[in-house]
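Residue-level structure breakdown
One-letter residues, chain by chain:
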Amino acid sequence: MTYAITQTCCNDATCVAVCPVNCIHPTPEERAFGSTEMLHIDPRACIDCGACADACPVDAIFPVDALSAGQREYADINAAYYEGAEPAPEVAGPNFHVWGEPVFGRSLPSDFGPLRVAVVGTGPAGMYAAQDLLLHTAAEVTLIDRLPVAGGLVRYGVAPDHPGTKKVGDTFSRFHTHPRVRMHLGIEVGRDVTAQELAAHHDAVVYAVGASTDRRLGIPGEEGPGCLSATSFVAWYNAHPEAVAQGVDLSAERVVVVGNGNVALDVARILVADPEALAGTDIAAHALEALRASRVREVVVLGRRGPGDAAYTRSELLALKRLEGVELVVDDHDPRTAAAIDAAGAGDRAGLLRGVARVRTAAVSSGSGRGVDRRIVLRFHSETVEVLADGGGRAVRVTDGGGGTVDLAAGMLLRAIGYRGLPVPGLPFDEASGTVPHEGGRIAGLPGGYVVGWIKRGPSGGIGANRTCAAETVGTLLADAVAGALPAPTGDAKAFRRLVRRRNRRVVDARGLAAIDRAERDRGRRDGRPRVKLATVEELVATARAGRVLRLTR
């Protein structure tokens, strides 16, 4: 028997580190790492020890003979990765394979004093950087977030029906109460404190602020009613405190999603999923109520190029094929689509669509006609031209593959064509890429300033990609420290705490965050859910304060 890695693989390579026979690839040392959709277990080398499954932070690894019917394909996906590859040579001796020399690239000399480092952003990028510092050095870490709750992308970006992926948050949360961590949530750089003030109180500052806005289509009608970014929609169903609780119109039968990456598939899946299945997740209460009343029956997902060039991962497409009560179909308006699917190999992305029904999308949603009242339509070779709106409703004008256009009636258009970073006051910014210019994570022209995550490399790579990204940045930071290149701070931790409290009386610390977590879990237990999120800044701050007062009075 062997193990297999499944859909929720986060690519952070914890499993690689514990595997005694080096059967999980690509490893962080291999060139392909970061460019593959997931990691893969070689069934020829796996010894069934289970170490990888125990270490996996997102519960993505299972014995092959324990895979559910919907997961059986992952055994083949893992094995296919190694087809044609030579098996690893047998090694004589007590070890299963040859290990390289130990490398301690992210460490400081034993006589080096503890650094005081601020990490701005508590999503995966920021927390991987904090984890690296806390595990490899004696650094004192100040965690800062503009929201009064930690989590970032894990809390507000992962779809609620992917609870396994959200479990990586448990790995990060253990550092929230670390004795060398101080937490200041609800503090925004540029509003409450300046970049210069942060630098004055720390040896170094690591910015992990992500890419919080979306790219525009640049077409007529895009800014009108009924047009929304996938970023906003994801924030809405994940109870982001800056998302509007009402205002998402689900009264029409069809929604058009522009883009065919994983986020596009996420929003399409949530729009047509059974609300009662979502009721067992941490989806926002207002979103669950709206989806229960929704009239949406069809989601058309538009891609400019063909099925072989789609940006979604194979695992996310496979999840759509297994969505109960929802039919997945391909629009065959353009003959290139069918040709690409029929010619694709079994392991190709387009090949996964072989056997999927092919239809022609009507101007008005007409249902599947196959006894299933909800469906997702993948329409390739289709470019959005204009959004039309008049007294009779809305439509999206798209190319038809023959040089003409067709108008698809739709109640809402969702843009899902990529994220984009925003400038941070006091930091340089590249408008073209939406990132902060850097060298190995070191901010250009700003001694003691560093970046990690999407604001560093652009909006690419999943949760686990931030681990190697953080390792590079932390390595650069520590090398600068040893070289004496870090500016000496003029204020200490107590002075910084007084500063933030003076600027913002509603700051949330680790005790307040724990109170929020308890309250949300308590609300969830009453409703049979993992948690019910507090959806506004006011609720979050009030709960943090009440929990802190309660603990102090006991």
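Scroll up for the structure.
What comes next concerns the included structure. (Residues numbered from 1 in each chain as written. Predicted model: local features only at pLDDT ≥ 70, side-chain atom pairs only at ≥ 80, totals over all residues. Heavy atoms only, no water.)

Some words on the overall build of the chain
Of the regular secondary structure elements, the chain holds 19 helices and 23 strands. Here the C-alpha atoms of the chain give a radius of gyration of 25 Å, agreeing with the 24 Å that 2.2 N^0.38 yields for 554 residues. Once the C-alpha set of the chain is aligned to its principal axes, its extents read approximately 70 × 65 × 50 Å. Counting only carbon and sulfur atoms, one obtains 52% of the accessible surface of the chain, whose full area is about 24400 Å². If you average the places of the 63 positive and of the 65 negative side-chain charges in the chain, the two averages end up 7 Å apart. (Helix = DSSP H or I, 4+ residues; strand = E, 2+ residues; numbered from the N terminus. Rg over C-alpha atoms; globule rule 2.2 N^0.38 Å. Areas by Shrake-Rupley, 256 points an atom, 1.4 Å probe, with all protein chains shown as cover. Lys, Arg positive; Asp, Glu negative; His and termini not counted. Charge placed at Lys NZ, Arg CZ, Asp CG, Glu CD.)

Brief notes about the nonpolar core
Judged by nonpolar contacts, the single largest core of 116 residues is most densely connected at I24, Y237 and L378. Dropping the residues within four chain positions of it, Y237 is found in contact with A159, P160, D266, V267, I270, I283, A284 and A287. Counting 21 residues, the second largest nonpolar core, distinct from the first, contains V193, A195, V436 and V451. (Core = buried A, V, L, I, M, F, W, Y, C linked by side-chain atoms within 4.5 Å. Buried < 20%, exposed > 50% of the residue type's maximum accessible area, 1.4 Å probe, protein only. Contact = heavy atoms within 4.5 Å.)

Some thoughts on the sheet that holds strand β16 (residues 384–390)
The strand order across the open sheet formed by 3 strands is β16-β17-β18, and the pairing between neighbours is antiparallel. With partners counted over all chains shown, the strands left at the sheet margins are β16 and β18 (405–409), one partner each. With strand direction ignored, the average angle separating the axes of adjacent strands in the sheet is 25 degrees. Where β16 lies against strand β17 (residues 393–399), 6 bridges are found, and the strand directions are antiparallel. (Pairing = 2+ DSSP bridges. Axes fitted to C-alpha atoms, helices over the stretch in contact; angles between N-to-C directions.)

Some thoughts on the environment of L427
Locating L427 in the fold gives a position in the loop between β20 (419–420) and β21 (438–439). Look at L427 and you get buried, because its relative accessible area is 10%. Residues L427 and I443 lie 16 residues apart in sequence; the distance between their C-alpha atoms is 8.1 Å. In contact with L427, not counting residues within four places along its chain, are A195, Y207, V436, I443 and L446.

Brief notes about the packing of aromatic side chains
A full pass over the atoms with the stated rule returns 5 aromatic pairs. Ring geometry for Y128 against F172: centres 5.0 Å apart, planes inclined by 85 degrees, an arrangement best described as edge-to-face. Of the two residues, Y128 is situated in helix α4 (residues 124–136) and F172 in helix α7 (residues 168–173); the sequence distance between them amounts to 44 residues. Pair check on accessibility: Y128 and F172 agree, each one buried. Look at F233 and Y237: their rings are 5.4 Å apart centre to centre, the planes differ by 90 degrees, and that puts the pair in the edge-to-face class. (Phe/Tyr/Trp six-rings, centres within 6.5 Å; stacked < 30°, edge-to-face > 60°.)

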